[in-house]
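The primary structure of each chain is shown beneath.
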Amino acid sequence: MRADYEGVIRALLPVVRRERSNGIDEPGFWPWQDHYANALVMVGRIEEPDAFLRPHELLAGQRQHRSTTARLASVRGRIHAASGDFDAARLTFLDALAQLEELPMPYARARIMFVYGRSFRRAGKRREAAGMLIQARDLFSVLGAAAYTDRCERELCASGVSAEESRRQAGPAPATAETATGFDALTDQEQAVASLVATGLTNKTQRPNSTYPSRPCSTTSPGSTGNSTSSRSELAAAYLERAPGPG
């Protein structure tokens, strides 16, 4: 299924044209701006999102609203990549990820990694793209975001990296104090998924047994810790490190 970017633009155009001085653009109130700007980029209208984003970027900076800054930076990185400025794109994507470092927003982080990887894959920078796409895929998989996990797999295949090879590149992460702490911070639901991963079950096997939905899920939903663990291998390592042994 292809994304309907023209439809996104049509749907949000009335919002763009309305009087917005009543707080509708306040960071964190209604995150629509990055969706509109991203749709413009994806249909090739690069100059419009450049101008559209500037006041929103300024406002997010003034409010020190890090998640909004990250979302807008993700689109800005895509603009740089579409314009051929990959050094600026790389710095912008990395800054977007840095904005989210201490925030419980793993889905947002995975989205930025996906956009970063996809943008660079389409520019022929396959090695750098694959690194980001592998991280995004693993994080989406932990979150139960099946559609995005599949999209990452398709992008990796398009970059010339097979699913098997990408899993070898990801490799198991060692259990560390950081991942162990991350496991303690998980909800009961997330710990259950981590335990399934640790036992080596496939995604297809995990979904019927876990209570995660098979669609992308919001990281701000009640009960979700949005822990900082960034891959299935890290979750599994944390589980194996902290889970009680036999007897």
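For the structure, see preceding data.
Conventions we followed
- Residues numbered from 1 in each chain as written.
- Predicted model: local features only at pLDDT ≥ 70, side-chain atom pairs only at ≥ 80, totals over all residues.
- Heavy atoms only, no water.
- Helix = DSSP H or I, 4+ residues; strand = E, 2+ residues; numbered from the N terminus.
- Buried < 20%, exposed > 50% of the residue type's maximum accessible area, 1.4 Å probe, protein only.
- Contact = heavy atoms within 4.5 Å.
- Areas by Shrake-Rupley, 256 points an atom, 1.4 Å probe, with all protein chains shown as cover.
- Salt bridge = Lys/Arg side-chain N within 4 Å of Asp/Glu carboxyl O.
- Expected span 1.5 Å × (residues − 1).
- Phe/Tyr/Trp six-rings, centres within 6.5 Å; stacked < 30°, edge-to-face > 60°.
- Axes fitted to C-alpha atoms, helices over the stretch in contact; angles between N-to-C directions.
- Parallel < 35°, antiparallel > 145°, perpendicular 65-115°, else oblique.
- Left-handed = near helix turned anticlockwise from the far one by under 90°.
- Nonpolar A, V, L, I, M, F, W, Y, C, P; charged D, E, K, R; others polar.
- Bend = angle between axes of the 7 residues up to and from the residue.
- Core = buried A, V, L, I, M, F, W, Y, C linked by side-chain atoms within 4.5 Å.

Overview of the overall build of the chain
Counting secondary structure elements, the chain contains 13 helices and 0 strands. The linear arrangement of helices and strands in the chain, starting from the amino end, is α-α-α-α-α-α-α-α-α-α-α-α-α. The burial tally for the chain puts 47% of its 247 residues in the buried class. By sequence separation, contacts in the chain at least 24 residues apart represent 64% of the contacts at least 6 residues apart. As displayed, the chain has an accessible area near 12800 Å², and 52% of this comes from carbon and sulfur atoms.

Looking at the pattern of salt bridges
A full pass over the atoms with the stated rule returns 13 salt bridges. Of the charged contacts in the structure, one is a salt bridge between Asp87 and Arg90, with a shortest N-O distance of 3.1 Å. Here Asp87 and its partner Arg90 are both found in helix H5 (residues 86-99), 3 residues apart, which amounts to about one turn of the helix. Owing to a relative accessible area of 54%, Asp87 belongs among the exposed residues under this scheme. Note on Arg90: relative accessible area 24%, which makes it partly exposed. We note a salt bridge from Glu155 to Arg118, for which the minimum N-O separation is 3.2 Å.

Some words on H5
The first and last C-alpha atoms of H5 sit 20 Å apart over 14 residues, in line with the 20 Å expected at 1.5 Å per residue. Buried residues of H5: Phe86, Ala88, Ala89, Thr92, Phe93, Ala96 and Leu97, and no others. Elements that come into contact with the buried residues of H5 comprise helix H4 (66-82), helix H6 (106-122) and helix H7 (126-143).

Let's talk about the packing of aromatic side chains
Ring pairs (aromatic) are described by centroid distance and by the angle formed between their planes. Scanning the model with the defined rule gives 12 aromatic pairs in all. Ring geometry for Trp30 against Trp32: centres 6.0 Å apart, planes inclined by 45 degrees, an arrangement best described as tilted. For Trp30, a relative accessible area of 35% puts it in the partly exposed group. Ring geometry for Tyr107 against Tyr148: centres 6.2 Å apart, planes inclined by 75 degrees, an arrangement best described as edge-to-face. Placement of the pair is Tyr107 in helix H6 and Tyr148 in helix H8 (residues 146-158), with a sequence separation of 41 residues. As far as burial versus exposure is concerned, Tyr107 and Tyr148 are alike and both buried.

Side note on unusual backbone geometry
Trans is the common state for peptide bonds, and a negative phi is the common state for residues other than glycine. Phi angles above zero are rare outside glycine, and Gln64 is one such case at about 55 degrees. Following the sequence through the fold, Gln64 ends up in the loop between helix H3 (47-63) and H4. Accessibility expressed as a relative area gives 67% for Gln64, which makes it exposed.

Quick notes on the packing of H4 against H5
Running from N to C, H4 and H5 point in directions that differ by 165 degrees, and their axes come no closer than 8 Å. Taken together, the axes of H4 and H5 are roughly antiparallel relative to one another. Considering how the two elements wind past one another, H4 and H5 form a crossing that is left-handed. Every residue of H5 that contacts H4 at Arg66, Thr69, Ala70, Ala73, Ser74, Arg76, Gly77, Arg78, His80 and Ala81 is listed here: Phe86, Ala88, Ala89, Thr92, Phe93, Ala96, Ala98 and Gln99. For the contact of H4 with H5, the per-class residue count stands at 9 nonpolar, 6 polar and 3 charged.

Looking at helix H1 (residues 5-17)
In this model, H1 (13 residues) spans 18 Å end to end at C-alpha, consistent with the 18 Å of a helix rising 1.5 Å per residue. At Ala11, H1 is deflected by roughly 35 degrees, the largest bend along its length, and proline Pro14 occurs up to four residues later in sequence. In the core, the buried residues of H1 are packed alongside helix H2 (33-42), H6 and H8.

As for the nonpolar core
Ranked by size, the top nonpolar core spans 33 residues in total, and within it Phe93, Ile112, Phe114, Phe120 and Phe140 carry the most contacts. The contacts of Phe114, once residues within four sequence positions are left out, are Leu133, Ala136, Phe140, Tyr148, Arg151, Cys152 and Glu155. Core analysis: the next-biggest nonpolar cluster, separate from the first, contains 17 residues, Leu12, Val41, Phe52 and Val75 among them.

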